[in-house]
Amino acid sequence: MAVRKPLVMGNWKLNGSKAFTKELIEGLKKELQGVTGCGVAIAPPVMYLAEAEAALAGSEIALGSQNVDINLQGAFTGDISTAMLKDFGAKYIIIGHSERRTYHKESDEFIAKKFGVLKEAGLVPVLCIGESEAENEAGKTQEVCARQIDAVINALGVEAFNGAVIAYEPIWAIGTGKSATPAQAQAVHKFIRDHIAAKSQAVADQVIIQYGGSVNDANAAELFTQPDIDGALVGGASLKAPAFAVIVKAAAVAKA
Ligand code: 13P
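Keep in mind that this is a model prediction, so the values were computed, not measured.

Description of the UniProt feature "binding site: substrate" (unreviewed entry) in the chain
For step 1, the next point in the chain: Mapped onto this numbering, the UniProt entry annotates "binding site: substrate" (unreviewed entry) at N11, W12, K13, G175, S214, G235 and G236. Taken along the chain, the residues just named run across 226 residues; in space they keep tight, none of their C-alpha pairs more than 13.9 Å apart. As for the largest pocket, its lining draws on N11 and K13 from among the annotated residues.
For step 2, the next point in the chain: Once residues within four sequence positions are removed from consideration, N11 is found in contact with A43, Q66, I94, H97, L233, V234, G235 and S238.
For step 3, the next point in the chain: There is a polar contact of 3.0 Å between the side chain of N11 and the backbone nitrogen of K13.

Rendered as structure tokens:
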């Protein structure tokens, strides 16, 4: 089986300022000095990509963003293109976050288009999937995750997941302090990997599946003991350098 290097990514969401961006990155560089064995990425608001790019110069921490548009250029007010993200050295691009699916009515098909433009541009899609609390209680977790993955497979083929990242983020666990248990998350991660393996074992073996939803410095290590949890997409705890660094180090140790 392919050896997957874990990836821990911080999704800053709608938080920060120029000064905060510089300060947090300086803190992360100090905290993570000499830590290998885990890929690290941060997605500040696009507004601060310039400050982030400058502060990250010479560091192993990769830059990302929280969204991208499907259009490459032209009359699309307020949107951000793949070329613009590349211009700032961004690599890992979050798409399909539940907050965008909910507040901006993004559909599975629209998100699959975003996946396609990212692949075309040589950027790494971080595809967020996951069920709501009601769907979870109705026993629909697998159905929802399969549908969200299949939208990409149907549009682009399973090979599109080569070099891509999936973040399983149960909506009921996001920002609630109520993380999925390691066993609960592992069961869904295994389902997702098996679902992709049904089309291609090789693609399934290499795809990074992160867990997201109330990951913090106290619960990360136990989540990473699970074989199909390849890292985390971290919201709140990514806004504090010491907590985020504990999560990264826990992944490096667990997957060594
Ligand atoms: P929290 O870590 O704040 O629960 O957010 C998770 C998330 O949505 C990351 O994309």
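Anyway, onward from the coordinates.
Focus: the packing of aromatic side chains
For step 1, the next point in the chain: Inspection of the entire model under this criterion finds 3 aromatic pairs.
For step 2, the next point in the chain: For the ring pair W12 and F20, a centre distance of 5.7 Å and an interplane angle of 85° mean the geometry is edge-to-face.
For step 3, the next point in the chain: With centroids separated by 5.1 Å and ring planes inclined at 65°, the aromatic side chains of F115 and F161 adopt a geometry described as edge-to-face. Residue F115 is found in helix α5 (residues 108-121), and its partner F161 is found in the loop between α7 (141-156) and β6 (165-168); the two are separated by 46 residues along the sequence.
For step 4, the next point in the chain: Assessed through its relative accessible area of 0%, F161 is described here as buried.

Concerning α5
For step 1, the next point in the chain: Spanning 14 residues, α5 covers 20 Å between terminal C-alpha atoms, matching the ideal 20 Å at 1.5 Å per step.
For step 2, the next point in the chain: Among the residues of α5, D108, I111, A112, K114, F115, G116, V117, L118 and A121 are the ones counted as buried.
For step 3, the next point in the chain: Where α5 is buried, its residues touch α3 (82-87), β4 (90-95), α4 (98-103), β5 (124-129) and α7.
For step 4, the next point in the chain: Looking at the residues trailing α5, positive phi occurs at G122, about 80°.

Describing the layout of surface pockets
For step 1, the next point in the chain: Approximately 580 Å³ is the volume attributed to the largest pocket.
For step 2, the next point in the chain: Lining the largest pocket are 25 residues; nearest its centre among them are V46, Q66, N67, R100 and H104.
For step 3, the next point in the chain: Per-element tally for the lining of the largest pocket: the top contributor is α4, with 3 residues.
For step 4, the next point in the chain: Looking at the lining of the largest pocket residue by residue, the class counts come to 10 nonpolar, 8 polar and 7 charged.
For step 5, the next point in the chain: As for the second largest pocket, its lining consists of 20 residues, of which V35, C38, V40, E60 and I61 are closest to the centre.
For step 6, the next point in the chain: Here the lining of the second largest pocket is built from residues that sort into 9 nonpolar, 7 polar and 4 charged.

Let's talk about the sheet that holds strand β2 (residues 39-43)
For step 1, the next point in the chain: Read around the closed barrel, the 8 strands follow the order β1-β2-β3-β4-β5-β6-β7-β8; overall the barrel is parallel. On average, each strand axis in the sheet is tilted by 25° relative to the strand beside it, whichever way the strands run.
For step 2, the next point in the chain: Inspection of the sheet shows strand β1 (residues 7-11) paired to strand β8 (residues 231-234) by 4 bridges, in the parallel sense. Bridge pairing in β8 places G10 opposite V234.
For step 3, the next point in the chain: This element, helix α2 (residues 49-56), spans β2 and β3 (62-65) of the sheet and lies at about 170° to β3.
For step 4, the next point in the chain: Contacting β1, β2 and β8, helix α11 (residues 241-254) crosses the sheet at an angle of about 160° to β1.

Parameters at a glance
- Residues numbered from 1 in each chain as written.
- Predicted model: local features only at pLDDT ≥ 70, side-chain atom pairs only at ≥ 80, totals over all residues.
- Heavy atoms only, no water.
- UniProt positions renumbered as here; feature names shortened; annotations may be inferred.
- 1 Å grid on protein atoms, 1.4 Å probe; cavity = no way out; pocket = protein on both sides within 12 Å on 5 of 7 lines; lining within 4 Å.
- Contact = heavy atoms within 4.5 Å.
- Polar contact = N/O pair within 3.5 Å; in protein donor to acceptor, adjacent residues only side chain to side chain.
- Phe/Tyr/Trp six-rings, centres within 6.5 Å; stacked < 30°, edge-to-face > 60°.
- Helix = DSSP H or I, 4+ residues; strand = E, 2+ residues; numbered from the N terminus.
- Buried < 20%, exposed > 50% of the residue type's maximum accessible area, 1.4 Å probe, protein only.
- Expected span 1.5 Å × (residues − 1).
- Points joined across faces, edges and corners; volume = space filled by probe spheres on them.
- Nonpolar A, V, L, I, M, F, W, Y, C, P; charged D, E, K, R; others polar.
- Pairing = 2+ DSSP bridges.
- Axes fitted to C-alpha atoms, helices over the stretch in contact; angles between N-to-C directions.

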